[in-house]
Amino acid sequence: MSKTIKQQILVSGLGGQGVLFITSLLAEVAINKGLPVFTSETHGMAQRGGTVVSHFKVGDFSSPLIRPFKADGLLVLKDENIAQHGFFLKKGGWAVVNSGNDLNVMKMLPASVIDADRLAQEISSPKSVNLIVLGFALSRADQKTKDKINLFCSLTDIKKVLRKRFSGRNKMLDASLQALETGYRHSVRGQS
């Protein structure tokens, strides 16, 4: 893969949803590919349920924070955060949003919507919303349609990092892979 990759992705959610976990997975993939990476958490997790935002940059950047209207992509784990962080998305950028209500999200910005909360309940893994959303974004990146999104990594890259991280913890690995694949297999609803 080319070393000229430059992407800025904002990950937004609530404390306890795994915003920083997703960011660290993306960072580890970038490092494995030999790409420069910046991450920064801008809102603390003082309380479970408080807003958490993580800035992720891969490529040749000089600062960790994403400026308004500069993000290539948004991964939003709680749909109410679109109102707070949607302005980070650049024109032509992509957003993947966890929401049970497509219309609420679509009023705010063009996005691909997945009801990750419902899917997490269906697979009996309520804490896996983050990996379901990431899996869905990875499926959008693999599409061969005009709605394809630009993402520097693949499902295989993320699985490799998960296998390394959860080596010897088979139950955790199996649950993580199941969540990731659930999002990946989910059909596209919405647009980007």
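Analysis parameters
- Residues numbered from 1 in each chain as written.
- Predicted model: local features only at pLDDT ≥ 70, side-chain atom pairs only at ≥ 80, totals over all residues.
- Heavy atoms only, no water.
- Axes fitted to C-alpha atoms, helices over the stretch in contact; angles between N-to-C directions.
- Helix = DSSP H or I, 4+ residues; strand = E, 2+ residues; numbered from the N terminus.
- Parallel < 35°, antiparallel > 145°, perpendicular 65-115°, else oblique.
- Left-handed = near helix turned anticlockwise from the far one by under 90°.
- Contact = heavy atoms within 4.5 Å.
- Expected span 1.5 Å × (residues − 1).
- Buried < 20%, exposed > 50% of the residue type's maximum accessible area, 1.4 Å probe, protein only.
- Polar contact = N/O pair within 3.5 Å; in protein donor to acceptor, adjacent residues only side chain to side chain.
- Salt bridge = Lys/Arg side-chain N within 4 Å of Asp/Glu carboxyl O.

### Digging into the packing of helix α5 (residues 129-142) against helix α7 (residues 170-185)
Helix-helix packing: each pair is described by the crossing angle between the helix axes and the interaxial distance. Put simply, α5 and α7 touch, their axes get as near as 6 Å, and they point 45° apart. Viewed along their axes, α5 and α7 adopt a mutual orientation that is oblique. Read as a crossing pair, α5 and α7 show a hand that is right-handed. Across the interface between the two elements, L131, I132, L134, G135, F136, L138, S139 and D142 from α5 touch S176, A179, L180, G183 and Y184 from α7.

### Topic: α7
If you check α7, its first and last C-alpha atoms are 22 Å apart, about what 16 residues at 1.5 Å a residue would give, namely 22 Å. Buried residues of α7: L173, S176, L177, A179, L180, T182 and G183, and no others. Those residues of α7 that are buried are in contact with β6 (112-114), α4 (116-122), α5 and α6 (155-165).

### Looking at the environment of Q17
Here Q17 shows up in the loop between β1 (7-14) and α1 (19-32). What Q17 contacts, discounting residues up to four positions off in sequence, is L77, K78, V129 and N130. Within polar-contact distance, the side chain of Q17 engages the backbone oxygen of L77 at 3.1 Å.

### Things to note about the pattern of salt bridges
Side chains that carry opposite charge are capable of pairing whenever their charged atoms lie near each other. Evaluated as defined, the whole model comprises seven salt bridges. For the salt bridge of K164 with E28, the shortest nitrogen-to-oxygen distance reads 3.9 Å. Of the two residues, K164 sits in helix α6 while E28 sits in helix α1, which places them 136 residues apart along the sequence. E28 gets classed as buried once you look at its relative accessible area, which sits at 17%. Here R165 makes a salt bridge to E28, at a shortest N to O gap of 3.0 Å. A residue pair is termed long-range when its members are at least 10 positions apart, and R165 in helix α6 and E28 in helix α1 qualify at 137 residues. Because the salt bridges share partners, they merge into one network encompassing E28, K164 and R165.

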